[in-house]
Amino acid sequence: MSENKVVHYLKDYQAPDFAVAEIDLTYTIEEAYTLVRNRMMIVPHEVGRPCVLDGSAELLQIVLNGKCLSPHEYAIADEKLTIHTVPDTQFELEITTRLYPAQNKTLMGLYESGDNLYTQNEPEGFRKITYYFDRPDVMSQFTTTIIGDKRRYPVMLSNGNLIDSGELDNDRHWVCWRDPFAKPSYLFALVAGQLAVLEGNFTTRSGKEVALKFYTRPEDREKAGFALESLKHAMQWDEDRFNLEYDLNIFMVVAVSDFNMGAMENKGLNIFNTKYVLASNDTATDADFEAIEGVIGHEYFHNWTGNRVTCRDWFQLSLKEGLTVFRDQEFSADRASRAVRRIHNVRVLRSMQFAEDAGPMAHPVRPASYEEMNNFYTLTVYEKGAEVVRMYHTLLGEEGFQKGMQLYFQRHDGQAVTCDDFRAAMADANGVNLDQFALWYSQAGTPQIKAHGDYDAHNQTFSLHLRQFIPPTPDMADKQPMVIPVKIGLLDKNGASVAFKMAGTADKTEETVLVFNQTEQTFVFHDVAKEVVPSLLRGFSAPVRLDYPYSDADLMLLLAHDSDSFARWEAAQTLYRRAFASNLDALASVQPLPQHAELAQALTSALNADIDPAYKAVLLQVPTEAELWEDVSSINPEQYVCARQALLQSLASSMQDTLTHWREWADEQERNSRHHAPQEYHPDLAGVRSLRNTLLQWGVLATADLLHNIVNEFSQRATNMTHEYGMLAAINHLSDDKRNDLLNQFGQRHAQDDLVMDKYFILIGSSQRPDTLQQVEKALQHPAFSLENPNKVRSLLGSFSRNIPHFHAADGSGYRFLADYILRIDEFNPQVASRLVQAFNLYDRLEPQRKTLMAEQLQRIQKDEGLSKDSREIVDKILHS
Ligand code: B3K
Ligand code: ZN
């Protein structure tokens, strides 16, 4: 237990003592430092309170109503500046600080990347720039003047509109930006440097002309074209589906390669990781294009859900993040392939968020406490938060949900509010009671449902019995039953949909949403003329685990016939889980492995059915190890990899001909594509390529010749990154030297492309070849690698931390290696380090030998005296100390 632990609690929230009517910032950029003069008009809410500002920058001067304060008039401690006595009415406070952006490797506050300057302020970066009420419920109007050298900083940007600019002596110039919308400090941004711009425009539905500007390094300018188009689609979609228009005359996006996260929604001046802006056919995969569209959408949508209406405090983070993820998911789904997108989102949720919910970091969608807020930008807040928003949508329907959104904006535009305010708007707009729904925000853990059904031929009823259980988490032992929407349909034994009547309704229907809100409940379906198989949790209508005693034959029926594409995919997932479990048993008892002929047959039929190729590709996804061990303790990770690999191998061998057939079909489709440029990203072609690459991965397991084909075709297909990367991924685990040859070719061909080199490092870090650790160690010395660049660390070390056989190597080498680098990175970038620490989350659930080895490394990290509070919070939670 560390001594200076400061825990922040939701229950301690207090409204701010002061408001800031206006803030006027002047940044003077010098060679070695930047001066920031911050002039605030402050209004006390109550008289007699000391003025306490957050800040950690070098303080040069404080001037209150024109008078310079002397040291006894204020105190500085624990990143807080306390001015003991301030006037009772509005006063002007001017604070000057000095910053050293080139030395700031945390990538928070103002920092240098390349030769340019950028900011990142969410959640608490602004306090590294100046002294301020650095909390989201203090909103103010910002005016920003930037002064710098004309040649080094020809472009100088901040939020809002450019209102003035001018020339100065000594080759210097200045600009002044003003943001007419009040905002919290976390949305403040500044960028200065040599940047090229790609421009476009958008006319809003009310006729406002908006200038769209994408700033990049000069050599990357053309690669921002797809992101620019994505932005226009996002702006249009938000008008069409949510009735929300953009509100400034300019929208800027700046791409930077050193960035701790994906992107940041600063008002009118989004700052993006280059990964989510830059793309061309020969450097980005189809998945990259789709991610760009999604993230561009996400940040743009924050303009309303996050910026216009923001969070009262950081506990409410999911108010903006869960809602905005829901909105970006819907945007992507409306653009193309709704079914496949939904499955993709569920897979991420189940393999990563469910694991978080079952581990030491488990917390509710609205956490009750935190030590370091940066540790709470989690899958639970984002992805489970989006599922919570989706449940309102499922319960209220599109129309009811939009009514709720309208009321939410009507009540709260320009305010900083809570998740309860959002829930109240949904409830009031629809005249429904959503009190019990609040538990989704306060109870952590993944609810589990045990279900079973009875058919009564005499009464022609089908009864579904449901029982829910919310597992205890470190923060809470006993939990109350939650409201769980269960979408359901019924199929007869031939796979046809069966209509039914619910008690109290006049009409028959083929699908309904059950509102399951007690510990145990039975739902009766009437007028059911024959035996049925229920299709449950359609569309994954709630973030829960559901167990129903289906026979294998029932699952095959659902896989072949269910009209709900999620439930159909889910049937295949359950069949895979069962086949996997029998492999695991066989391995444990040293028995020969089963062949899974029936499953192979069912999958073959599914592949041969007339369905979208992208959907065929997702049907071939076997649950990840993290999903397979979700309710297991004393895990031996190696056995999971072996049993899963053996399953893939046996299925691939028995399906060889089908795999080859569809792979050739995919090639044919691409060759004969109606699209004018088959190399380019297009959702239809992306689906075909995703099927091809999945088949390639399966094929390599069964057909030795495929490696030769890949070697022969490699250079010729290299004009399209989806193919190039797909081929490398398919052979990445092979011990054959040809894998190294191709990977080297790839590394040399793309040596100058930062983002493609990330892929090169991912391939090295994720390979299951026996020499992976040596290859990773060598890659750390590669000229394109840098520990200071978060994308590089995530690519090489992040992928290694998820590489099950190597990270969990029985001799502890993987744990030791990662701990070494966590300690090194933690010295300068705690945020990136503390993410890597979470690779150790499985600690409690490991088999005893690995657990001991992991404990040694966790304790070594914990003992480090200079350890950041970011990493310390995670290690302490893992070790329960
Ligand atoms: N709001 C930012 C995330 C900030 C993360 C700070 N550690 C990006 C987003 O969710 O849109
Ligand atoms: Zn967001």
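Residues numbered from 1 in each chain as written. Chains lettered and ligands numbered in written order. Predicted model: local features only at pLDDT ≥ 70, side-chain atom pairs only at ≥ 80, totals over all residues. Heavy atoms only, no water.

In the nomenclature of an unreviewed UniProt entry, the chain corresponds to Aminopeptidase N from the organism Snodgrassella alvi. In the Cofactor (unreviewed entry) part of its UniProt record, the chain is described as follows: "Zn(2+)". Check the Catalytic activity (unreviewed entry) section of the UniProt entry for the chain; it says "Release of an N-terminal amino acid, Xaa-|-Yaa- from a peptide, amide or arylamide. Xaa is preferably Ala, but may be most amino acids including Pro (slow action). When a terminal hydrophobic residue is followed by a prolyl residue, the two may be released as an intact Xaa-Pro dipeptide." (UniProt positions renumbered as here; feature names shortened; annotations may be inferred.)

**Student:** Give me the lowdown on the overall build of the chain, citing residues and values where you can.
**Tutor:** Within the chain, the secondary structure is distributed over 26 helices and 32 strands. Radius of gyration (C-alpha) of the chain: 28 Å, near the 29 Å computed for a compact globule of 881 residues. For the chain, the C-alpha atoms occupy an extent of roughly 85 × 65 × 60 Å along the three principal directions. Expressed as a percentage of the 881 residues in the chain, the buried residues total 59%. Long-range contacts, defined as pairs at least 24 residues apart, comprise 70% of the intrachain contacts of the chain with a sequence gap of at least 6. Carbon and sulfur atoms form 48% of the exposed surface of the chain, whose accessible area is close to 34,200 Å². (Helix = DSSP H or I, 4+ residues; strand = E, 2+ residues; numbered from the N terminus. Rg over C-alpha atoms; globule rule 2.2 N^0.38 Å. Buried < 20%, exposed > 50% of the residue type's maximum accessible area, 1.4 Å probe, protein only. Contact = heavy atoms within 4.5 Å. Areas by Shrake-Rupley, 256 points an atom, 1.4 Å probe, with all protein chains shown as cover.)

**Student:** Tell me about the pattern of salt bridges, residues and numbers included.
**Tutor:** Applying the stated criterion across every chain yields a total of 81 salt bridges. Measuring nitrogen to oxygen at the nearest pair gives 2.6 Å for the salt bridge that ties Glu520 to Arg467. With Glu520 in strand β30 (residues 520-526) and Arg467 in strand β26 (residues 461-469), this residue pair connects regions lying 53 residues apart in the sequence. A residue is classified by how much of its surface remains accessible, and Arg467, at 42% relative accessible area, is partly exposed. (Salt bridge = Lys/Arg side-chain N within 4 Å of Asp/Glu carboxyl O.)

**Student:** Run through the pairing of strand β25 (residues 448-456), naming residues and quoting values.
**Tutor:** Judged from the 9 bridges that link them, β25 and β26 form a sheet pairing that is antiparallel. Considered in β26, the bridge of Gly453 is made with Leu464. The hairpin formed by β25 and β26 contains 4 residues between the paired strands, and Gln460 there has a positive phi angle of roughly 55°. Direction of pairing for β25 relative to strand β32 (residues 545-547): parallel, over a ladder of 3 bridges. Counted as the bridge partner of Lys450 is Asp547 from β32. (Pairing = 2+ DSSP bridges.)

**Student:** So, the side chain of Thr473: which residues are in play, and what are the values?
**Tutor:** Among the structural elements, Thr473 can be located in the loop between β26 and β27 (484-491). Within the structure, the side chain of Thr473 is placed 2.6 Å from the side chain of Asp475, a separation counted as a polar contact. Polar contacts involving the side chain of Thr473 include one to the side chain of Lys479, which spans 2.6 Å. Setting aside residues no more than four positions away along its own chain, Thr473 makes contact with Asp357, Ala362, Ala444, Gly445 and Lys479. (Polar contact = N/O pair within 3.5 Å; in protein donor to acceptor, adjacent residues only side chain to side chain.)

**Student:** Give a description of the pairing of strand β8 (residues 80-83) that names residues and reports values.
**Tutor:** Across the two faces of β8 the burial differs, with Leu81 and Ile83 buried and Lys80 and Thr82 not buried at all. Taken together, the 4 bridges between strand β4 (residues 51-54) and β8 define a ladder with antiparallel strand orientation. Bridge pairing in β8 links Leu53 to Leu81. In terms of strand pairing, strand β7 (residues 74-77) meets β8 through 4 bridges, oriented antiparallel. Within β8, the position partnered with Ala77 by the bridge is Lys80. Between β7 and β8, which pair antiparallel one after the other, the connecting turn spans 2 residues, and Asp78 there sits at a positive phi close to 50°.

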